[in-house]
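# A structural walkthrough
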Amino acid sequence: MKKKIIVVVEILLAAAILAVLVTIVNVLTNKEDVEEPDRDEEVIDYEEIPEGAPISKYDAIIESCAEEFDIPLGLLYAVIECESSFRPECTSSVGAKGLMQLMPATFSDSCKWAGFDYTYDQVTDPAVNVRVGSYYLKRMYNMFDDGELAVAAYNAGPGNVQKWLKNEEYEE
């Protein structure tokens, strides 16, 4: 079973990297109407950032949501970096929006489940997007009780992860 999970996670990580590369290509070829990030182009190494040092202009929002939903702060920063490079106006080729790249159904369902009174026209508001995305990420963690599977479910959907886990093709 462990080997099966490792293979699924490897596939999902490869898919996530591919999705990021496709987004970069789309932005660089002007296929998306997205401004360049207003931060240095260097990759952020979260382990080397001194405690209390600002990472982005959204630090207060991210830290608040990490605390509210009991999510490791580094994980939340990493998801946002991977999903949108800290660009709240970012829209993917499949319609995911905002810092945490929320799809319309995921946004609406999460708001309903959590009792949030947000509408989809607020999806690119950083405070709204990170709060709803953090709720959904925590929901995925609670569903799978595993950080790697939670991130995979956040990216590919919980139904896909459950289907892959049941697929005998990934058995030893």
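As a starting point, this report considers the structure included with it. (Residues numbered from 1 in each chain as written. Predicted model: local features only at pLDDT ≥ 70, side-chain atom pairs only at ≥ 80, totals over all residues. Heavy atoms only, no water.)

The next thing to look at is the overall build of the chain. A tally of helices and strands in the chain yields 7 helices and 0 strands. The N-to-C order of helical and strand elements in the chain reads α-α-α-α-α-α-α. Across the 172 residues of the chain, 39% fall into the buried class. Restricting to contacts in the chain with at least 6 residues of sequence separation, those with at least 24 account for 51%. For the chain, the accessible surface area stands at approximately 10200 Å², while carbon and sulfur atoms represent 53% of it. (Helix = DSSP H or I, 4+ residues; strand = E, 2+ residues; numbered from the N terminus. Buried < 20%, exposed > 50% of the residue type's maximum accessible area, 1.4 Å probe, protein only. Contact = heavy atoms within 4.5 Å. Areas by Shrake-Rupley, 256 points an atom, 1.4 Å probe, with all protein chains shown as cover.)

Quick look at the packing of helix α6 (residues 147-156) against helix α7 (residues 158-166) now. For the pair α6 and α7, interaxial distance at closest approach is 7 Å and the crossing angle is 125 degrees. What the angle tells us is that α6 and α7 run oblique. Between α6, through L149, A152, A153 and A156, and α7, the contact on the second element is made entirely by P158, N160, V161, W164 and L165. Residue composition of the contact of α6 with α7, grouped by class: 8 nonpolar, 1 polar and no charged. (Axes fitted to C-alpha atoms, helices over the stretch in contact; angles between N-to-C directions. Parallel < 35°, antiparallel > 145°, perpendicular 65-115°, else oblique. Nonpolar A, V, L, I, M, F, W, Y, C, P; charged D, E, K, R; others polar.)

Attention now goes to the environment of L102. Position of L102 among the secondary structure elements: in the loop between α3 (73-84) and α4 (104-114). Spatially, the C-alpha atoms of L102 and T91 are 9.2 Å apart, while their sequence positions differ by 11 residues. Discounting residues that sit within four places of it in the chain, L102 has contacts with G95, A96, K97, F107, Y120, V123, N129, V132, G133 and Y154.

Moving on: the environment of L149. Relative to the helices and strands, L149 resides in helix α6. Given the relative accessible area of 5%, L149 is considered buried. Along the primary structure L149 and L165 are separated by 16 residues, whereas in three dimensions their C-alpha atoms are 9.8 Å apart.

Moving on to α7. Among the residues of α7, P158, V161, W164 and L165 are the ones counted as buried. Along the axis of α7, the buried residues cluster in a sector spanning 125 degrees; they form a single face. Opposite its buried face, α7 presents the exposed residues K163 and K166, each directed more than 90 degrees away. (Arc of directions from axis to C-beta.)

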